[in-house]
Amino acid sequence: MKPTALARRTSARTVLAAGLVTSLALATGCTKSEDDSDTKPSASQQDNAGQVVASPGTASGPTCTLDAYGGKRLDLKSATVGFSQSEKEANPFRIAETASIKAEARAQGVKLLTANAQSQFSKQISDVQDLIAKGANLLVIAPLNSDGWEPVLRTAAARHIPIVTIDRKINATACKDYVSFIGSDFTEQGRRAADQMIAATGGKGEIAVLLGAAGNNVTTERTKGFEDRIREKAPGLKVVFRQTGDFAREKGQSVTENLIQSRPGITGIYAENDEMGLGAVNALKGAGKKPGDVKIVTIDGTRNAVQGIVDGWIYAVIESNPRFGPLAFQTLDTFTKGEKVGQDIVIKDSAYDRSNARPDLGKAY
């Protein structure tokens, strides 16, 4: 499946209508770290703006309004938005995600407060409480875990602060505890990864799953989508190894090194994000394997992973678009004006394989 043809533009317009959810045309470049918030994008970053775009689409579903949630109408430009990032700025997904939020805040002229939990959930809870104490009256949260958000939700509810979560869900009630979730269909990502693995292996052999971090819906749904599709379409393809790599390259490498020792004849590896997949590539290289000896399918769409397809080490990458800035701020703007927004705003992701990896490498983040 080829990525959708892209219109080169620096921002995308998203229409959020009653009962309809429009997926994202996300447009920003990447910065190297969260501390670069005052640095203007370079020419190359501007050239890449908008190059990984979710094609417009709609889906019906429950909506939320300001009256139903509680609170008063608010002009976004006079608001203070707090953004809580969950993980260290080492993963390209997180770098692009944070850059997108900051770039859109600058474009909208909105005051933005930021915090990074450094992959510590207790810190993320205190971070968000601190953002509220500093005056944030709107919140965008990239949750580390799905559970454990009750302290934040109580504080936000007492002050009628709208919350939008991005890329991971929290286990709470939409339009009561939070307004909307914006992100990918992770179960469908798993299904699409399974389809690629079936194509790569011919539907036969033994495969391993490098699981993401425990405690969030992304890992659960990507695993379910993948394994359900394998059972349905390729009964001759057996999952014989599952171990968490915590969405980290180093852990993905060490887990794969153990895998090679215990299952030297492994046919394929499904890594639930690119970083673990790239760690698996390092392990295979260290074991003397050649490109293509073990079929690897990953999810994210980072430039290094797409280059891995070009180099023959990775078979396919299912995109998970991290550029949430435009849609997150559009959702907040629409909601605070008193209009309806979707409780679940699902974006549409593209994919990379041998047919498009080389020409579309510049679209990866």
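Remember, predicted model here, so these are calculated numbers, not experimental data. Counting restarts for each chain: residues are numbered from 1 in the order of the written sequence. This being a predicted model, a pLDDT of at least 70 is required before a residue's local features are given, and a value of 80 or more before pairs of side-chain atoms are given or counted; all residues contribute to the totals for chains, interfaces and linings. Side-chain numbers come from the whole structure's heavy atoms, not from hydrogens or water.

Whenever I open this one, the packing of helix 6 (residues 186-201) against helix 7 (residues 217-233) confuses me. Can you help?
Each pair of packed helices can be summarised by the angle the axes make with each other and by the distance between the axes. Axis geometry follows a simple rule: fit a line to the C-alpha atoms, using only the stretch in contact for helices, then measure angles between N-to-C directions, giving values from 0 to 180 degrees. Put simply, DSSP marks the helices as runs of H or I at least four residues long and the strands as runs of E at least two long, and each gets a number from the N terminus on. Running from amino to carboxyl end, helix 6 crosses helix 7 at an angle of 40°, the nearest separation of the two axes being 7 Å. Relative to helix 7, the element helix 6 is oriented oblique. Crossing of helix 6 against helix 7: the hand is right-handed. Of the residues in helix 7, those touching helix 6 at F186, T187, Q189, G190, R191, A193, A194, D195, M197 and I198 are N217, V218, E221, R222, G225, F226, R229, I230 and K233. By definition in this entry, angles of less than 35 degrees are roughly parallel, angles greater than 145 are roughly antiparallel, angles of 65 to 115 are roughly perpendicular, and the rest are oblique. When the near helix sits turned anticlockwise from the far one by under a right angle, the crossing is termed left-handed; a clockwise turn instead gives a right-handed crossing. Contacts between residues were defined by any pair of non-hydrogen atoms, one from each residue, lying within 4.5 Å.

Even after reading the chapter, I still don't get the pairing of strand 4 (residues 80-85), so can you show me in this structure?
When a strand is regular, its side chains alternate between the sheet's two faces. Each residue is placed in one exposure class: buried if its accessible area under a 1.4 Å probe, protein chains only, is under 20% of its type's maximum, exposed if it is over 50%, and partly exposed if it falls in between. In terms of burial, strand 4 is largely enclosed, as 6 of its 6 residues are buried. Residues T80, G82 and S84 point to one face of strand 4 and V81, F83 and Q85 to the other, with burial holding for every one of them. Here, strands pair whenever DSSP counts at least two bridges between them. Note: strand 4 against strand 5 (residues 111-116), 6 bridges, orientation parallel. Counterpart to G82 in the pairing with strand 5 is L113. Pairing analysis gives 4 bridges linking strand 4 to strand 6 (residues 138-141), with the strands arranged parallel.

When you look at unusual backbone geometry in this model, what are you seeing that I'm missing?
Where the residue is not glycine, phi is negative for most of them; where a peptide bond is considered, it is trans in most cases. Of note, Q118 is a non-glycine position whose phi angle comes to about 55°, a positive value. Topologically, Q118 is positioned in the loop between strand 5 and helix 4 (121-133). Look at Q118 and you get partly exposed, because its relative accessible area is 32%. You will see that F247, though not glycine, has its phi angle at about 60°, which is positive. Here F247 is to be found in the loop between strand 10 (237-244) and helix 8 (249-262).

Sorry if this is basic, but what is going on with the sheet that holds strand 5 here?
Pairing between the strands of a sheet is mediated by backbone hydrogen bonds and can be parallel or antiparallel. Overall, parallel pairing links the 6 strands, which are arranged 5-4-6-7-8-15 in an open sheet. The sheet is open, and its two borders are formed by strand 5 and strand 15 (344-347), each paired with just one other strand. When strand polarity is set aside, the average angle formed by the axes of neighbouring strands in this sheet is 15°. Sheet topology note: the strand 8 (residues 180-184)/strand 15 ladder contains 4 bridges and is parallel. Among the inter-strand pairings, I182 is bridged to a residue of strand 15, identified as I345. Along the sheet face, helix 11 (residues 325-336) touches strand 4, strand 5, strand 6, strand 7 (163-166), strand 8 and strand 15 and points at about 155° away from the line of strand 8.

Got a minute to help me understand the sheet that holds strand 16 (residues 351-352) in this structure?
Pairing in this open sheet of 6 strands is mixed, and the strands run 10-9-11-12-13-16 from one edge to the other. Two strands lie at the open edges of the sheet, namely strand 10 and strand 16, each paired on one side alone. Where strand 13 (residues 316-319) lies against strand 16, 2 bridges are found, and the strand directions are antiparallel. Each bridged residue has a counterpart across the sheet, and for V317 the counterpart in strand 16 is Y352. Against the sheet, helix 8 touches strand 9 (205-211), strand 10 and strand 11 (268-271), its axis set at about 135° to strand 10.

Explain the state of the cysteines here, please?
Note: disulfide means a covalent bond formed between the sulfur atoms of two cysteine side chains. Throughout, disulfides are identified as pairs of cysteine sulfur atoms within 2.5 Å of each other. Taken as a whole, this structure holds 1 disulfide when the rule is applied. With its sulfur 2.1 Å from that of its partner, C64 forms a disulfide with C175. For the disulfide bridge between C64 and C175, the dihedral angle about the S-S bond is near 80°, and by the sign convention the bridge is right-handed. In this pair, C64 is assigned in strand 3 (residues 63-64) and C175 in the loop between strand 7 and strand 8, connecting sequence segments 111 residues apart. In terms of burial, C64 and C175 fall into one category: buried.

So what exactly am I meant to see when it comes to the packing of aromatic side chains here?
The geometry of an aromatic ring pair is captured by the separation of the ring centres together with the interplanar angle, meaning the angle of the planes. Whether two aromatic rings pair depends on their centres lying within 6.5 Å, for rings of Phe, Tyr and Trp, where Trp uses its six-membered ring; planes under 30 degrees apart make the pair stacked, over 60 edge-to-face, and the rest tilted. On inspection of all chains with the given rule, the structure shows 5 aromatic pairs. Between Y69 and F335, the aromatic rings sit 5.8 Å apart at their centres with planes inclined by 85°, giving edge-to-face as the arrangement. Of the two residues, Y69 is situated in helix 2 (residues 66-69) and F335 in helix 11; the sequence distance between them amounts to 266 residues. Both residues of the pair, Y69 and F335, belong to the buried class. Plain terms: the ring middles of F93 and Y365 are 6.3 Å apart, the flat faces sit at 70° to each other, and that makes the pair edge-to-face. With F93 in helix 3 (residues 92-108) and Y365 in the segment after strand 16, this residue pair connects regions lying 272 residues apart in the sequence. Overall, the relative accessible area of 8% leaves Y365 in the buried class.

How should the environment of N356 be read in this particular structure?
The topology assignment puts N356 in the segment after strand 16. Residue N356 is classed as buried on the basis of its relative accessible area, which comes to 2%. In sequence terms N356 and V306 are 50 residues apart; their C-alpha atoms lie 9.4 Å from each other. For the purposes of these results, a polar contact is taken to be a pair of N or O atoms within 3.5 Å, where, inside protein, one atom must be able to donate a hydrogen and its partner to accept one; residues adjacent in sequence count only when each atom of the pair is a side-chain atom. A polar atom in the side chain of N356 sits 3.4 Å from the backbone oxygen of A351.

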